[in-house]
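Residues per chain, in single letters:
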Amino acid sequence: AAAGGLQDQEVLVTETSRMLKDSRMRALAIEFAGQWLQFRSFDQHDNKSETRFPTFTPELRAAMNQEATDFIAEIVRNDRSILEILQADYTYLNDELARHYDIPNIEGPEFRRVENVSRFGRGGLAAMGSVLATQSGASRTSPVLRGTWVVETLLGREIPNPPADVPQLAEDELNKDGLTMRQRVERHRADASCAVCHDKIDPYGFALEGYDPIGRLRDEDLYGNPIDAQAEPRDGEAFAGLSGLQGYLLEHQDEFTKQFCRKLLGYALGRTVELSDGPLLVEMQTELKENEYRFSAAVLPLIKSSQFRRHRGMEATRVAND
């Protein structure tokens, strides 16, 4: 750098590729992906009812946090497709998290890559306990929070703010009305002023109702009501459950890759993405599409850009969630 060698794009690309394989790139998984996908510091997430969920221990939360971090680190380090964030047939587990997920034959506290997890209802960020628990209440699931996470965080769609006088849903799944969480949300969205937003987000949250507030698979809620994970999005055919949601997301992968590029660009430059960044975002998306969506395909045009090479040092992490 002192000799000006990093002004040579070939050198810059070589050094960037080397750094992406370095063990220290784990910080990228924690700071960039952790903030964007909202699993950073999940080990400190202790807002669940201890009475209702006594197994939601600090050790389990730490394991969930490491699962998500190891998963993203795998994508970065081995230059895998970013579409695996949406759907993958592997994850990282230790014995405690495997028991929580009801996945057999995992012994010992050390984390390891586990294949063929889709048969256990896992694979991709949306099926991870850290995401499912964060996007839930203290004593109930939240199709609204989970749906909003899918729509805003993964697809980058804008959701208008709710009216100020919207009534809140009950905070406990066990409520005197005996209704399922889905039935309560559907009753809530029967109000025309509420339906404007809920029609855009609820279907994706309903698809994840097969997971309880701490991310365990379930066939029925705490009342014994059967789970209904059917989803009817406004812009496509109906689907059900995690696999249906993953299929929908892959059908809309252009929205996801645009969102990924926007988040990565904002993180790298330490500022809000501007209209003038449009051509660079298009280039990043094109490179992804032409290179099997490998992580580096978005990074390399970014680091060669004038925006990156000429910007002054700023705190990058603060804009990861802009």
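About the thresholds
Residues numbered from 1 in each chain as written. Predicted model: local features only at pLDDT ≥ 70, side-chain atom pairs only at ≥ 80, totals over all residues. Heavy atoms only, no water. Helix = DSSP H or I, 4+ residues; strand = E, 2+ residues; numbered from the N terminus. Buried < 20%, exposed > 50% of the residue type's maximum accessible area, 1.4 Å probe, protein only. Contact = heavy atoms within 4.5 Å. Areas by Shrake-Rupley, 256 points an atom, 1.4 Å probe, with all protein chains shown as cover. Salt bridge = Lys/Arg side-chain N within 4 Å of Asp/Glu carboxyl O. Phe/Tyr/Trp six-rings, centres within 6.5 Å; stacked < 30°, edge-to-face > 60°. Core = buried A, V, L, I, M, F, W, Y, C linked by side-chain atoms within 4.5 Å.

### A word on the overall build of the chain
Part 1 of the reasoning: From N to C terminus, the chain includes 13 helices and four strands.
Part 2 of the reasoning: Here the chain, with 322 residues, has 52% of them falling under the buried criterion.
Part 3 of the reasoning: In the chain, 68% of the contacts between residues at least 6 apart in sequence involve partners at least 24 apart.
Part 4 of the reasoning: Here the chain has roughly 15500 Å² of accessible surface; of this, 48% comes from carbon and sulfur atoms.

### Topic: the pattern of salt bridges
Part 1 of the reasoning: As enumerated under the stated definition, the model contains 17 salt bridges in all.
Part 2 of the reasoning: A salt bridge links Arg18 to Glu15; the shortest N-O distance between them is 2.8 Å. With a gap of three residues between them, Arg18 and Glu15 both fall in helix H1 (residues 9-20), about one helical turn apart.
Part 3 of the reasoning: By relative accessible area, Arg18 is classed as partly exposed at 45%.
Part 4 of the reasoning: Three or more residues joined by partner-sharing salt bridges are found here, namely Glu74, Arg77, Arg80, Glu84, Arg113 and Glu115.

### A look at the packing of aromatic side chains
Part 1 of the reasoning: According to the stated counting rule, one finds 10 aromatic pairs in the structure shown.
Part 2 of the reasoning: On the basis of an interplanar angle of 50° and a centroid distance of 5.5 Å, the ring pair of Phe32 and Tyr267 is categorised as tilted. Placement of Phe32 in helix H2 (residues 26-36) and of Tyr267 in helix H10 (residues 253-269) is noted, with a sequence separation of 235 residues between them. Judged on exposure class, the residue Phe32 and its partner Tyr267 are both buried.
Part 3 of the reasoning: Ring centres of Tyr204 and Tyr248 lie 5.2 Å apart, and the angle between their planes is 45°; on these two criteria the pair is classed as tilted. You can see Tyr204 sitting in helix H8 (residues 192-206) and its partner Tyr248 sitting in helix H9 (residues 241-251), a full 44 residues away along the chain.
Part 4 of the reasoning: By relative accessible area, which is 3% here, Tyr248 ends up buried.

### A few points about the nonpolar core
Part 1 of the reasoning: Judged by nonpolar contacts, the single largest core of 87 residues is most densely connected at Leu37, Ile72, Leu125, Phe256, Phe260 and Phe295.
Part 2 of the reasoning: Sort the elements by how many residues they give to this core and helix H3 (residues 58-77) lands first, with nine residues.
Part 3 of the reasoning: Apart from the residues lying within four places of it in its own chain, the contact partners of Phe295 are Leu20, Leu28, Ile75, Val76, Asp79, Arg80, Ile82 and Phe260.

### Side note on unusual backbone geometry
Part 1 of the reasoning: In the Ramachandran plot, Ser41 falls in the positive-phi region, its phi being about 60° despite a non-glycine side chain.
Part 2 of the reasoning: Assignment of secondary structure puts Ser41 in the loop between H2 and H3.
Part 3 of the reasoning: Here the phi dihedral of Asp79 falls at roughly 50°; this positive angle occurs in a residue that is not glycine.

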